[in-house]
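Observations on the model geometry
Here's the letter readout for the chains.
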Amino acid sequence: MRLLRGYIENFGKICKKEIEFENNLTIFKEENGWGKTTLSVFIKSMLYGFDKSTTEKAERQKYMPWNGGKYGGNIDLEIKGIQYRIERFFGDTPKGDTFTLINLETNKEVNTYTEKIGEEIFKINKESFTKSIFVPQQEIKVQISNDLTTKLTNLDTIQDDMNRYGEAQKRLLKKSEQLKKEIKNKEIEIKETNIKIERCEEAEKNLTMYEKEYKNMQEENERGKEEIEQLEEKIKRANEQRLREEIIKQYEKIKEIEEDRKKSEQEIKEFFQNGIPQKEEIAEVERKVMLVNKAKEEIKEKIIYQFLTEKEIEEKQKIYNEYKQKDNIIQEIEKSKKQKENEKQSLKQNKNYKIILIIISILIILSGIISIFFIKQKIISSIIIVVGILILFIQRKLNSKNKKENKIINEIKRYESQIAEIKEKKEEQKNDLIQYICKYEKKYIDEDIYEILLRIKLNYNNYKNSQVIIEENKLNIEEYLQRYFKIIVEDYGKYLDEIKIKIQDNERIKEEYQKAQYDTHKFLEQHNIKEIEKIQPIEEKIEDIEESIQKIKNKINIVIQNMASTNKKIDEFSTIVDEKPELETDLEEYEEQKTELERRKNILDKTMEILEKAKEKLSANYLQSMNLNLNKYIKILSENSNIADKTTIDIDLNTNIEVNGEKKSIEIFSAGYKDLVGICTRLALIDSIFEDEKPFLILDDPFVNLDEEKIEKAISLIKAISKTYQVIYFTCHESRV
């Protein structure tokens, strides 16, 4: 069995691509991103297609053509000496997929194999194909499956049974879990029913107790009613005495009011022992209190001026005057500077004249010298030269004025220096004044400093005036208040309010006392208190009797409430007790159901155990062949042949290596070592599965984790197995070829 060639119309990123396969070893060495994995998946998809599973749906979506167009292609292969072409094209779902098989010798469509051609020629499903013949990148590890177990044991006669083993185990396990859940639920029902029965038994005890309590409460209620009748008769006889006591109480209350009014009148007299003040007098004191309070508020608002002094204010005003005078001084200096600048300008103009004279004198002298050679009258030439020299002499005399100009420049600089110095001093004085102002102004606003200084002085004067007002009036107020109060604190208003209240109370208490005297006299005219007081009181007070009656009534009410509550409890517990027979029947039924469920679960568990043992017994048959093949390939890769003798495979295709007498899982070794042993295990598996017709192998860069030394041996291994198998090898690096 071998691959011949293929054509990809569109699959992932690959478009309209023809592929040729060598008989023994075909190497695809391409850069990452070329589509090596895509090509390997294409070969697998041509054989197996895409099914409806979630994983396959994702893979179908992943390799949809990037540029659109038909999704699929074809691949030519030789099976048992006959060449076929598989054509597959895919839709968005399996319904849109197409499959065609062509015999290349006749070029006719045949049905020798169906769309499940991969399973039919390899006798394994797609999952097992990926775990054996097809080695995806980073997935070298071998895992057992039912299809692989069937192939390994060569039990094609029971293939359907083995294929259904996993499904049967899942169903049995699912049913076992379902029964376990049902048993758990039944145990809960039994537990809940037992709790309910215990509740019924407890309710029987409570019912007897509450019925007894109800009878006792009925008897207690009757006794209470009899006691109330006896006490009410006693109250009836005591009503007259109660009326007399009420009269005495009224008299005592009237007398108490009279004494209270008399005492209040005496207190008012003692308070005003120095005489009742006049309204005008109080009004004057209130005015002074108002002035003091206002002054205190003024001080509170201007408390920041408490450490300010008049001397400090005068100093700051003096600084301000100096600050303002500096403007006049600067103006005077500016005038002097302006005059000097004008003088300097005049001298500058003269300087321009000097330059002109120099030029003229030079031109005249040159003219005279030239005329000596060209004019016969040398006297004229001499005169011209003398005139030029005279002009030069005059210009030199003018040069003496330069010294004056330098002097003027120095004076201007001195004026500028004076102005800068005065401005600097002025700025210092301004900053000093602003710093002073900011102590008393929340935020300095660029306004007239003089106005702010005046405002600060005014606030300071107001602060001092407020202190004077307080001192002047405080003494007078306290002297006045001490006529009526021994201790005075600064809250003067409350004392004045109390005096005014006392003045108002004086008239009212007088009237109330006179009325109380009148009420006492009138009451004595209506009742003979002396005779009433002679009557002897009864042994028990009506209040005590009424209290006893009320206690009995309260007790009876409580008893009646308890009777109602107890009667309700009796009804509740009776209802619960009535449920007991039905619950006992339910409990018996639940226990029978639980026993039956446990029996069925036990049968299922034993069935799964027997199936597992049968599978393990069958699977053990291929281990010897697998281990021999594994050791054969490990010896090719490893210099240390002892490792091969200590490497074994279990029935689940897990690889173990004996180290220091102890078996260690391959998982604890390095990634590179795991990959080497993994590829050997794959090859051993393939040798054991395909003993007759050898399949092709697809290796998608399985050696990425190997170092240089191991890669060299791995390449040797590929070349060795390519003599037996057709190998399709994908890699991205020159070192792995």
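In what follows, the accompanying structure is described. (Residues numbered from 1 in each chain as written. Predicted model: local features only at pLDDT ≥ 70, side-chain atom pairs only at ≥ 80, totals over all residues. Heavy atoms only, no water.)

1. Points about the overall build of the chain
On a plain count of helices and strands, the chain comes out with 19 helices and 13 strands. When each of the 737 residues of the chain is scored for burial, the buried share is 38%. A sequence separation of at least 24 residues applies to 70% of the contacts in the chain between residues at least 6 apart. Accessible surface for the chain amounts to roughly 46500 Å². Of this, 49% is attributable to carbon and sulfur atoms. (Helix = DSSP H or I, 4+ residues; strand = E, 2+ residues; numbered from the N terminus. Buried < 20%, exposed > 50% of the residue type's maximum accessible area, 1.4 Å probe, protein only. Contact = heavy atoms within 4.5 Å. Areas by Shrake-Rupley, 256 points an atom, 1.4 Å probe, with all protein chains shown as cover.)

2. Thoughts on the nonpolar core
Membership of the largest hydrophobic core comes to 67 residues, with the highest contact counts inside it found for Phe-11, Leu-47, Ile-121, Phe-122 and Phe-129. Top element by residues in this core is helix α18 (residues 671-689). It accounts for 8 residues. For Leu-47, the residues in contact, after removing those within four places along its chain, are Leu-77, Ile-86, Arg-88, Glu-115, Ile-117, Gly-118, Ile-121, Phe-122, Phe-129 and Phe-696. Ala-295, Tyr-480, Phe-485 and Ile-509 belong to the second largest nonpolar core, which has 22 residues in total. (Core = buried A, V, L, I, M, F, W, Y, C linked by side-chain atoms within 4.5 Å.)

3. Comments concerning a negative patch on the surface
Negative charge collects at one region of the surface, where Glu-222, Glu-226, Glu-227, Glu-229 and Glu-232 lie side by side. Checked against the element boundaries, Glu-232 lands in helix α6 (residues 159-271). (Patch = residues over 30% accessible without salt bridge, like charges linked within 9 Å, V, L, I, M, F, W, Y side chains within 5 Å. Salt bridge = Lys/Arg side-chain N within 4 Å of Asp/Glu carboxyl O. Lys, Arg positive; Asp, Glu negative; His and termini not counted. Charge placed at Lys NZ, Arg CZ, Asp CG, Glu CD.)

4. Structural notes on the layout of surface pockets
Considered as a void within the structure, the largest pocket measures approximately 480 Å³ in volume. The wall of the largest pocket is formed by 20 residues, among which Tyr-48, Gly-49, Phe-50, Asp-51 and Lys-116 lie closest to the centre. Those elements that provide at least two residues to the lining of the largest pocket are α1 (36-48), β5 (82-90), β6 (98-103), α3 (117-122) and α4 (126-130). Of the residues belonging to the lining of the largest pocket, the class tally is 6 nonpolar, 4 polar and 10 charged. (1 Å grid on protein atoms, 1.4 Å probe; cavity = no way out; pocket = protein on both sides within 12 Å on 5 of 7 lines; lining within 4 Å. Points joined across faces, edges and corners; volume = space filled by probe spheres on them. Nonpolar A, V, L, I, M, F, W, Y, C, P; charged D, E, K, R; others polar.)

5. A short note on α18
Over its 19 residues, α18 extends 26 Å from the first C-alpha to the last, a length consistent with the 27 Å expected when each residue adds 1.5 Å. In terms of burial, α18 is a largely internal element, 17 of the 19 residues being buried. (Expected span 1.5 Å × (residues − 1).)

6. Quick notes on the pairing of strand β3 (residues 25-29)
Here β3 shows one buried face, formed by Thr-26 and Phe-28, and one open face, formed by Leu-25, Ile-27 and Lys-29. Sheet analysis places β3 next to strand β13 (residues 726-731), joined by 5 bridges and oriented parallel. Note on β13: the bridge partner recorded for Ile-27 is Tyr-729. (Pairing = 2+ DSSP bridges.)

7. A word on the pattern of salt bridges
Taken as a whole and judged by the stated rule, the model has 19 salt bridges. Measuring nitrogen to oxygen at the nearest pair gives 3.0 Å for the salt bridge that ties Glu-189 to Lys-186. Of this pair, Glu-189 and Lys-186 both sit in helix α6, 3 residues apart, roughly one helical turn. Its relative accessible area of 14% is what places Lys-186 among the buried residues. In this structure, Lys-551 engages Glu-547 in a salt bridge whose closest nitrogen and oxygen atoms are separated by 3.6 Å. Residue Lys-551 and its partner Glu-547 are located together in helix α14 (residues 542-578), separated by 4 residues, close to a single helical turn. In this structure Lys-551 comes out as exposed when scored by relative accessible area, which is 53%. Through salt bridges with shared partners, one network takes in Arg-5, Asp-76 and Arg-85.

8. Let's talk about the packing of helix α7 (residues 279-301) against helix α12 (residues 492-526)
Put simply, α7 and α12 touch, their axes get as near as 10 Å, and they point 160° apart. It follows that α7 is roughly antiparallel to α12 by the angle criterion. Viewed along their axes, α7 and α12 form a crossing whose handedness is left-handed. Taken together, the residues of α12 that come into contact with α7 (itself represented by Ile-282, Val-285, Glu-286 and Val-289) are Tyr-492, Gly-493, Leu-496, Ile-499, Lys-500 and Ile-503. A per-class count over the contact of α7 with α12 returns 7 nonpolar, 1 polar and 2 charged. (Axes fitted to C-alpha atoms, helices over the stretch in contact; angles between N-to-C directions. Parallel < 35°, antiparallel > 145°, perpendicular 65-115°, else oblique. Left-handed = near helix turned anticlockwise from the far one by under 90°.)

Functional significance is not addressed by these values, which are geometric in nature.
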